[in-house]
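# Examination of the molecular architecture
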Amino acid sequence: MTVLTGWGRTAPTPARLARPRSADEAAALIKEASRRGVVARGLGRSYGDAAQNAGGLVLDCTALTPSWAHDPKTGLVTAPAGMSLHDLMAELVPRGWFVPVSPGTRYVTVGGAIAADVHGKNHHVDSSFGAHVRSLTLLTADGATRVLGPEDELFWATVGGMGLTGVIVEATFVCVPIETSRMRVDVERTRDLDQTLDVMTATDDRYRYTVAWIDLLARGGRMGRSVLTRGDHARLDDLPSRMRRDPLGFAPRPRLSAPPWVPGGLLNRASIGAFNAVWYGKAPSARRGVVQGIAPFFHPLDGVGHWNRMYGSHGFVQYQFVVPFGAEETLRRVVERLSGAGVVSFLTVLKRFGEGTPGMLSFPMPGWTLALDIPTGQSGLAGMLTELDGWVAAAGGRIYLAKDSRMSAAIMAATYPRLEEWRAIRRRIDPHGVFHSDLARRLCL
């Protein structure tokens with residue numbers, strides 16, 4: 001047995017871990033699975049328990065990477081499920097292409113990106129990853145390998161389905177043409193949450209990628225003060241002459257690595273408060289046309305290897321929710337509640353979502369999404385987050401399954417309106433419940 005956790009390093013559970021190298025090997029392992037079932041796992045970047053299966057089988061799918069293909073005329077990429085976005089970018093960017101959607105880390109697999117229907121800073125323009133998938137190959141509980149397209153309901157049960165419909169083997173999706181490996185970035189400070197919302201509403205449609213970093217510890221008239229970062233892929237004529245010699249160069253690597261053991265309490269109100277003050281203070285009030293690399297723009301935390309260790313042995317909770325447009329008062333109420341309670345969050349980011357995909361359990365919907373990284377052990381945190389769950393549900397919002405580690409089954413049922421439709425498809429394709437996970441048990445999926 002191997003003890004596994006999510007990226008938040010909470011709720012460890014033991015499971016039998018296997019590493020199939022082909023769909024046939026995976027099918028044979030699934031056939032031998034015990035009554036506790038099986039779930040696929042990629043690089044373990046789901047924050048909670050989505051890729052854990054206590055007492056059962058977990059398939060490490062990172063070895064499912066035999067080959068990939070790219071059509072430079074159409075931008076179509078066919079990639080194995082175990083291929084990471086990091087490796088894919090390393091191949092694509094020098095050829096003048098970029099993935100259609102990138103979350104805050106490159107270290108997720110193609111299969112994981114589909115299973116969580118990941119989103120990025122461009123959701124308001126390009127939706128989530130599933131919107132760009134043209135076909136996927138799924139290994140189901142009966143050992144069959146099915147090729148599915150957007151016309152299939154099982155396709156949309158799998159996109160955002162958290163690995164509970166089967167094992168994604170490979171997928172074909174459309175990528176984005178780029179002229180350079182740099183970004184053209186505008187940075188702007190806002191004085192409070194109201195100004196942040198107003199500026200994002202008025203200007204987000206001018207940019208492909210937008211995000212706001214929020215100083216959650218700021219109170220009073222400064223509550224919700226933010227640093228807005230908006231950008232687009234830089235064209236060749238945006239680059240200074242020295243960068244034009246290698247406009248598509250891309251070879252990012254972690255510059256630092258957190259040690260295996262970090263004392264608990266390192267990220268506390270004092271340290272994060274000091275960081276927030278410096279980060280907000282050094283940001284320009286407004287700066288246009290800054291040229292920045294892909295890695296620092298999309299994946300700043302990837303520059304620190306094993307950065308999740310900085311939270312200490314007890315780990316952290318990432319709490320991410322979305323509320324629809326028109327429910328801004330709920331968003332303000334949440335920020336005010338967290339800020340007033342002095343909740344420590346190393347990273348607090350706000351984005352605007354556009355139209356979601358037809359994925360039945362897909363998280364994004366038109367509205368505002370707020371994500372927080374919160375060290376565990378803060379007094380009253382569990383009760384406070386449960387309180388916030390109720391506010392989000394009452395506003396017609398939902399919690400992100402790929403980040404969740406503590407939501408209740410009741411909140412899940414109240415906030416995902418297509419849950420029963422998804423359950424019916426899952427029962428039909430997997431009548432004996434072969435595919436299972438700790439998340440599925442906790443949320444009664």
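Residues numbered from 1 in each chain as written. Predicted model: local features only at pLDDT ≥ 70, side-chain atom pairs only at ≥ 80, totals over all residues. Heavy atoms only, no water.

### Considering the packing of helix 9 (residues 328-340) against helix 10 (residues 381-394)
- In contact at an axis separation of 11 Å, helix 9 and helix 10 are set at 170° when each is read in the N-to-C sense. On the basis of the axis angle, helix 9 is roughly antiparallel to helix 10. For the pair helix 9 and helix 10, contact is made by Thr 330, Arg 333, Val 334, Arg 337 and Leu 338 and by Met 384, Glu 387, Leu 388 and Trp 391, respectively.
- Of the residues in the contact of helix 9 with helix 10, the class split is five nonpolar, one polar and three charged. (Axes fitted to C-alpha atoms, helices over the stretch in contact; angles between N-to-C directions. Helix = DSSP H or I, 4+ residues; strand = E, 2+ residues; numbered from the N terminus. Parallel < 35°, antiparallel > 145°, perpendicular 65-115°, else oblique. Contact = heavy atoms within 4.5 Å. Nonpolar A, V, L, I, M, F, W, Y, C, P; charged D, E, K, R; others polar.)

### What about the environment of Arg 255?
- Relative to the helices and strands, Arg 255 resides in the loop between strand 14 (226-233) and strand 15 (256-257).
- Each C-alpha atom, one on Arg 255 and one on Asp 373, is 22 Å from the other, the two residues being 118 residues apart in sequence.

### A word on the layout of surface pockets
- In this structure, the second largest pocket occupies an estimated 250 Å³ of space.
- As for the second largest pocket, its lining consists of Thr 5, Gly 6, Trp 7, Arg 9, Arg 41, Leu 43, Gly 44, Arg 45, His 306, Asn 308 and Arg 309.
- Residues belonging to the lining of the second largest pocket are distributed by class as follows: two nonpolar, five polar and four charged. (1 Å grid on protein atoms, 1.4 Å probe; cavity = no way out; pocket = protein on both sides within 12 Å on 5 of 7 lines; lining within 4 Å. Points joined across faces, edges and corners; volume = space filled by probe spheres on them.)

### With respect to helix 9
- In this model helix 9 runs 18 Å from its N-terminal to its C-terminal C-alpha over 13 residues, within 8% of the 18 Å that 1.5 Å per residue would give.
- Taken residue by residue, helix 9 has Thr 330, Leu 331, Val 334, Val 335, Leu 338 and Ser 339 as its buried positions. Along the axis of helix 9, the buried positions cluster into a sector of 165°, meaning they face one direction only. Seen from the buried face of helix 9, the exposed residues on the opposite side, beyond 90 degrees, are Glu 329 and Glu 336.
- Each element contacted by the buried residues of helix 9 is listed here: helix 6 (193-203), strand 18 (316-324), strand 19 (348-353), strand 20 (367-375) and helix 10.
- Backbone geometry just downstream of helix 9 places Gly 342 in the positive-phi region, at approximately 70°. (Expected span 1.5 Å × (residues − 1). Buried < 20%, exposed > 50% of the residue type's maximum accessible area, 1.4 Å probe, protein only. Arc of directions from axis to C-beta.)

### Observations concerning the packing of aromatic side chains
- Applying the stated criterion across every chain, the model contains 15 aromatic pairs.
- Taken together, a centroid distance of 5.8 Å and an interplanar angle of 40° make the contact between Trp 307 and Phe 316 tilted.
- The exposure class of Trp 307 is buried, given its relative accessible area of 4%.
- The class of Phe 316 is buried, set by a relative accessible area of 1%.
- Counting every residue linked through ring pairs, the aromatic cluster contains Trp 7, Tyr 47, Trp 307, Tyr 311 and Phe 316. (Phe/Tyr/Trp six-rings, centres within 6.5 Å; stacked < 30°, edge-to-face > 60°.)

### What to know about unusual backbone geometry
- With phi around 60°, Arg 9 is a residue other than glycine that occupies positive phi space.
- On the secondary structure map, Arg 9 appears in the loop between strand 1 (2-4) and strand 2 (13-18).

### Digging into the pattern of salt bridges
- For the structure shown, the criterion picks out 24 salt bridges.
- Arg 191 serves as the salt-bridge partner of Asp 192, at 3.9 Å between the closest nitrogen and oxygen.
- By relative accessible area, Arg 191 is classed as exposed at 54%.
- Here Glu 329 and Arg 332 are joined by a salt bridge, their closest N and O atoms 3.7 Å apart. Of this pair, Glu 329 and Arg 332 both sit in helix 9, three residues apart, which is roughly one turn of the helix. (Salt bridge = Lys/Arg side-chain N within 4 Å of Asp/Glu carboxyl O.)

### A short note on the sheet that holds strand 16 (residues 286-293)
- Ordered in space as 16-12-14-13-19-20-18-21, the eight strands form an open sheet in which the pairing is antiparallel. Two strands lie at the open edges of the sheet, namely strand 16 and strand 21 (398-399), each paired on one side alone.
- For strand 18 and strand 21, the ladder comprises two bridges, and the chain directions are antiparallel. Counterpart to Phe 321 in the pairing with strand 21 is Ile 399.
- On top of the sheet, helix 9 reaches strand 18, strand 19 and strand 20; it is set at about 15° to strand 20, its chief contact. (Pairing = 2+ DSSP bridges.)

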